[in-house]
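Inside the fold
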Amino acid sequence: MTDHDDTDHVYLHGFSRTEQARLLKQARIAESTIFSTIDYTGARRVLEVGSGVGAQTEILLRRFPDLHVTCIDLSEPQLEAAREHLGGKPWLDGRYELKQADATDLPFEPRSFDGAFLCWVLEHVPSPARVLNEVRRVLNPGSPVYITEVMNSSFFLDPYSPNVWRYWMAFNDFQHEHGGDPFVGAKLGNLLLAGGYRDVSTEVKTFYFDNREPARRKVMIAFWEELLLSAADNLIEAGVVTPDIVDGVRREMHQVQNDPNAVFFYSFLQARATVF
């Protein structure tokens, strides 16, 4: 989470220790797919917007040993979790800074950074355009920006799982109604062009598992169940799903995970752009 609306924005997944552990696991599972084409060669000072628990920060610092990363997040519980996570890795000392800040009003001077990184952030933000305008303001000319975002209409699971689909629709509706955008990935090209960025490119990245990789399929389906159920309390409290539907999700995900012919498919978008 990076930003919120002062009136009704609710972070879908919450800030529990369980959720914070899920974010660390998510970063590890998705690392090879997310970072396969990210390149900060030549950059020294990168701004990470919506850094959360520092899961992606650790990966950035490991993959690009010359980087210093300035992390901003609006949530103090997430920043505290990041301090704990990154602080337990002494080889990262001195290479990052954690700062509580609003992404639509960054506390930095123009041209403070030579790169920016946003991952699973704009889906939670009421005004992605304002965030991208602020990011552009604080970057040097020529700085690369990488943005990775959800495209939730792409999710497919086989065998057919009716409770999962009801829950998934409620999951996305809830996020949309509370100021987020579960389909923002497909809009990144337009957002970047409108925000004055250049050299805008987008790439569809996909998690697609069937019988060719049964072990990875099982891991992904188990993780996806965690992701879905991380929102269960909020969705039940809002009255958009029932405990019976949540129980059905658990049952169906377990059945799919153990089905010998299961298929899991989910695509998301990654954009790259440059500041001039």
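Residues numbered from 1 in each chain as written. Predicted model: local features only at pLDDT ≥ 70, side-chain atom pairs only at ≥ 80, totals over all residues. Heavy atoms only, no water.

A full pass over the atoms with the stated rule returns twelve salt bridges. We note a salt bridge from K25 to E226, for which the minimum N-O separation is 2.5 Å. Of this pair, K25 sits in helix α1 (residues 17-34) while E226 is found in helix α7 (residues 214-229), placing the two residues 201 residues apart along the sequence. The exposure class assigned to K25 is partly exposed, which follows from its relative accessible area of 29%. E226 gets classed as partly exposed once you look at its relative accessible area, which sits at 32%. (Salt bridge = Lys/Arg side-chain N within 4 Å of Asp/Glu carboxyl O. Helix = DSSP H or I, 4+ residues; strand = E, 2+ residues; numbered from the N terminus. Buried < 20%, exposed > 50% of the residue type's maximum accessible area, 1.4 Å probe, protein only.)

Next up on the list: helix α4 (residues 128-137). Each α-helix turn comprises 3.6 residues. Residues three or four places apart therefore point the same way. Within the sequence span of α4, burial applies to P128, V131, L132, E134 and V135. For α4, the buried positions fall inside an angular range of 160° around the axis, keeping them on one side. Buried residues belonging to α4 abut β1 (45-49), β4 (116-119), β5 (144-150) and α6 (188-194). (Arc of directions from axis to C-beta. Contact = heavy atoms within 4.5 Å.)

Time to look at helix α9 (residues 243-257). The end-to-end C-alpha separation of α9 is 21 Å, in line with the 21 Å expected for 15 residues at 1.5 Å each. Taken together, the buried positions of α9 are I245, V246, G248, V249, E252, M253, V256 and Q257. Down the axis of α9, the sector holding all buried residues measures 160°, keeping them to one side. Turned more than 90 degrees away from the buried face of α9 sit D244 and H254, all of them exposed. Taken together, the buried residues of α9 touch β6 (156-158), α5 (162-177), α7 and α8 (232-237). (Expected span 1.5 Å × (residues − 1).)

Next up on the list: the environment of A238. For A238, the location among the structural elements is in the loop between α8 and α9. When the C-alpha positions of A238 and F174 are compared, they lie 8.5 Å apart, and in sequence the two are 64 residues distant.

In this structure, E58 sits in helix α2 (residues 55-63). No salt bridge forms around the buried E58; measuring N to O, its nearest opposite-charge neighbour K89 is 4.4 Å away. The residues touching E58, leaving out its near neighbours within four places in the chain, are H85, L86, K89 and L92. (Lys, Arg positive; Asp, Glu negative; His and termini not counted.)

Attention now moves to the nonpolar core. By size, the foremost hydrophobic cluster in this structure holds 61 residues, and its most contacted members are Y40, F155, Y167, W224, F264 and Y266. Here Y167 is in contact with L228, L229, A231, A232, L235, V241, I245, V246 and V249, once residues within four sequence places are set aside. (Core = buried A, V, L, I, M, F, W, Y, C linked by side-chain atoms within 4.5 Å.)

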